[in-house]
Amino acid sequence: MDLTASGASAATTTKAVPRGVTAASFVLGGTVLSLTGLTWDIQWHTDVGPDTFFTLPHLLLYSGSAFSGIASLVVVLLTTAAQRSGRPVDPVVGGRAVAVFGRTFAAPVGYLISGIGAASFLLYGLWDQWWHGLYGFDAVIASPPHIGLLLSITITMVGAVMVFAVVRSQTWGLAWALISLAVLLTFSTVTAIGLSQVNVGNLNTVTIGLSFLCVLIVVMGARLLDRPGGALGVAVPVAVLQAVYWWFSPWATETYANAIGLPLRDYVDGVPGLPALMPMCLLLVALVIEGLLAVGRRDGRSLRTFGLLAGAVGGLLVAGLDPVQRAWLHGNGFPSVSSMVGTAVAGLVFGAAGGLLGVRFGGMLRHLAPVREGR
């Protein structure tokens with residue numbers, strides 16, 4: 001893994017294997033592995049019931065974070081060794097190196113964030129093991145250690161987005177940055193479940209949170225690419241993940257339960273837990289955002305203004321169509337009119353905030369890339 005930016009031989013090597021691609025692949029692969037373990041674990045809780053700490057879904061969840069954390073640690077150690085020996089460190093490998101604990105370590109900013117998330121995941125994992133040992137099993141997903149675990153993995157996924165945003169000038173870097181955003185969005189649907197504990201009248205706070213998070217991440221992708229296709233570049237991989245997990249989650253749960261001799265619950269309806277949470281209208285939302293941002297670029301107006309407008313429309317679509325999706329999938333009917341209207345209006349407001357923040361955060365991701373010579 002070459003972190004330096006000097007020498008003709010290094011330049012020749014990068015034609016075959018770009019610098020930093022190995023470590024970045026491990027970080028992204030680890031996040032995908034954790035996401036796969038999570039969707040399997042959610043389905044297990046839904047179709048089978050409580051579980052112990054040592055299960056295959058948990059193994060995927062924890063090993064994914066371990067892969068990301070170890071890759072981040074290796075890059076930090078190699079960067080530190082390179083700086084201490086006086087060799088220049090290539091800033092396209094995870095971003096500019098920052099000092100950690102004084103001058104003890106030199107850590108590329110992207111790998112620093114992903115490593116912090118993985119380290120905190122380990123601490124919450126120890127708490128989760130203690131929780132399982134204390135109570136014997138996990139009855140719910142929204143337990144205190146699980147909330148910490150979910151937030152920790154989210155931090156690691158943010159670090160993965162930053163790692164690839166640094167090399168957005170390369171085709172592979174930009175493509176994987178958009179895929180990293182798609183993984184982050186998919187995972188964020190689970191984080192939004194924690195909002196179910198927030199009671200605001202008859203509003204659906206989970207749907208409102210999804211409106212904010214979906215618009216935020218899709219607009220970030222559009223701003224990161226800064227040309228047509230960024231919003232769809234996030235929404236299309238999300239749709240692919242949704243389709244894959246729609247098949248994988250129930251199949252893996254039933255196969256694993258049969259293998260260890262556990263029965264499925266009588267009321268299993270075949271609707272996968274995590275994929276059903278993901279908005280099916282996201283491609284439509286991405287198309288609307290693409291159109292509005294294209295108008296903004298053509299007219300030369302502020303992207304923040306159109307980001308605000310695109311976010312409002314996107315948030316309204318997510319919040320307004322969510323009751324339709326849930327009624328179609330689960331057959332539970334529609335909530336009250338006041339609940340649907342109030343949730344849609346709140347989705348519009350929070351979607352507008354998400355669009356505005358998405359433009360700002362996407363711009364921040366663009367600034368992670370090193371400045372080219374002569375600019």
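One can find the structure itself at the top, above this paragraph.
Here the structure is a predicted model, which is why all the values come from computation and not from measurement.

### Some remarks on the overall build of the protein
A count of helical and extended segments in the protein gives 12 helices and 2 strands. Here the protein, with 375 residues, has 49% of them falling under the buried criterion. Taking all contacts inside the protein whose residues are at least 6 apart in sequence as the whole, residues at least 24 apart take part in 77%. Per element, the accessible surface of the protein, about 17100 Å² overall, is 68% carbon and sulfur.

### Some details on the pattern of salt bridges
As enumerated under the stated definition, the model contains 3 salt bridges in all. A salt bridge links D226 to R223; the shortest N-O distance between them is 3.2 Å. Residue D226 is classed as partly exposed on the basis of its relative accessible area, which comes to 28%. The residue R326 makes a salt bridge to D322 at a minimum N-O spacing of 2.7 Å. A residue pair is termed a helical-turn pair when its members lie 3 or 4 positions apart in one helix, as R326 and D322 do in helix α11 (residues 303-330) at 4 residues. Residues joined in a network through salt bridges with shared partners are R223, D226 and R366.

### Examining the side chain of T39
Within the secondary structure, T39 is located in helix α2 (residues 21-47). Taking the relative accessible area as the measure of exposure, T39 reaches 0% and is therefore buried. Of the polar contacts made by the side chain of T39, one reaches the side chain of S249; its length is 2.8 Å. Setting aside chain neighbours within four positions, we find T39 in contact with Y245, F248, S249, L274 and P275.

### Let's talk about the packing of aromatic side chains
Tallying each qualifying case throughout the model produces 11 aromatic pairs. Where W40 meets F248, the ring centres are 5.8 Å apart and the plane angle is 80 degrees; that geometry is what we call edge-to-face. A residue pair is termed long-range when its members are at least 10 positions apart, and W40 in helix α2 and F248 in helix α8 (residues 230-259) qualify at 208 residues. In this structure, W40 and F248 share a single accessibility class: buried. Plain terms: the ring middles of W172 and W176 are 5.7 Å apart, the flat faces sit at 80 degrees to each other, and that makes the pair edge-to-face. Placement of the pair is W172 and W176 together in helix α6 (residues 171-191), with a separation of 4 residues, close to one helical turn. Note on W172: relative accessible area 18%, which makes it buried. Aromatic ring contacts, followed pair by pair, group W40, W44, W247, F248, W251 and Y256 into a single cluster.

### Brief notes about the packing of α11 against helix α12 (residues 337-366)
The N-to-C vectors of α11 and α12 enclose an angle of 145 degrees; their axes lie 6 Å apart at closest approach. As α11 runs across α12, the sense of the crossing is right-handed. Only M340, T343, A344, G347, L348, G351, A352, G355, L356, V359 and R360 of α12 make contact with α11, whose side of the interface consists of L303, R304, G307, L308, G311, A312, G315, L316, A319, G320 and P323. Taken together, the residues that form the contact of α11 with α12 break down as 12 nonpolar, 8 polar and 2 charged.

### Focus: the nonpolar core
Within soluble globular proteins, side chains that are nonpolar tend to cluster in buried spots. By size, the foremost hydrophobic cluster in this structure holds 74 residues, and its most contacted members are L35, Y111, L181, L185, V218, V234 and I289. In terms of residue count, the dominant contributor to this core is α6 (11 residues). Look past the residues within four positions of V218 in its chain and what remains in contact with it is L185, A231, V234, L282, A286 and I289.

### Structural notes on the side chain of S249
By the secondary structure assignment, S249 is in helix α8. Beyond its immediate sequence surroundings of up to four residues, S249 is in contact with T39, Q43, P272 and P275.

### What about a nonpolar patch on the surface?
Together, L316, V337, V341, V345, L348, V349 and F350 make up a nonpolar patch on the protein surface, roughly 600 Å² of accessible area in all. Mapping V349 onto the fold places it in helix α12. A residue is classified by how much of its surface remains accessible, and V349, at 48% relative accessible area, is partly exposed.

### Some details on the environment of V76
Examined against the element boundaries, V76 turns out to sit in helix α3 (residues 56-84). On a C-alpha basis, the gap between V76 and V109 in space is 9.6 Å, while along the polypeptide they are 33 residues apart. In this view, V76 contacts F105, A106 and A107; residues no more than four positions away in its chain are not counted.

### Describing unusual backbone geometry
For D226, which is not glycine, the phi torsion reads 60 degrees and is therefore positive. In this fold, D226 is placed in the loop between α7 (205-225) and α8.

### Quick look at α11
Taking 1.5 Å of rise per residue, 28 residues should cover 40 Å, and α11 covers 39 Å from first to last C-alpha, within 8% of that figure. Most pronounced at D322, the bend in α11 amounts to some 35 degrees, and the proline P323 follows within four residues. Downstream of α11 by one or two residues, G331 has phi in the positive range, about 65 degrees.

Parameters at a glance
- Residues numbered from 1 in each chain as written.
- Predicted model: local features only at pLDDT ≥ 70, side-chain atom pairs only at ≥ 80, totals over all residues.
- Heavy atoms only, no water.
- Helix = DSSP H or I, 4+ residues; strand = E, 2+ residues; numbered from the N terminus.
- Buried < 20%, exposed > 50% of the residue type's maximum accessible area, 1.4 Å probe, protein only.
- Contact = heavy atoms within 4.5 Å.
- Areas by Shrake-Rupley, 256 points an atom, 1.4 Å probe, with all protein chains shown as cover.
- Salt bridge = Lys/Arg side-chain N within 4 Å of Asp/Glu carboxyl O.
- Polar contact = N/O pair within 3.5 Å; in protein donor to acceptor, adjacent residues only side chain to side chain.
- Phe/Tyr/Trp six-rings, centres within 6.5 Å; stacked < 30°, edge-to-face > 60°.
- Axes fitted to C-alpha atoms, helices over the stretch in contact; angles between N-to-C directions.
- Left-handed = near helix turned anticlockwise from the far one by under 90°.
- Nonpolar A, V, L, I, M, F, W, Y, C, P; charged D, E, K, R; others polar.
- Core = buried A, V, L, I, M, F, W, Y, C linked by side-chain atoms within 4.5 Å.
- Patch = residues over 30% accessible without salt bridge, like charges linked within 9 Å, V, L, I, M, F, W, Y side chains within 5 Å.
- Expected span 1.5 Å × (residues − 1).
- Bend = angle between axes of the 7 residues up to and from the residue.

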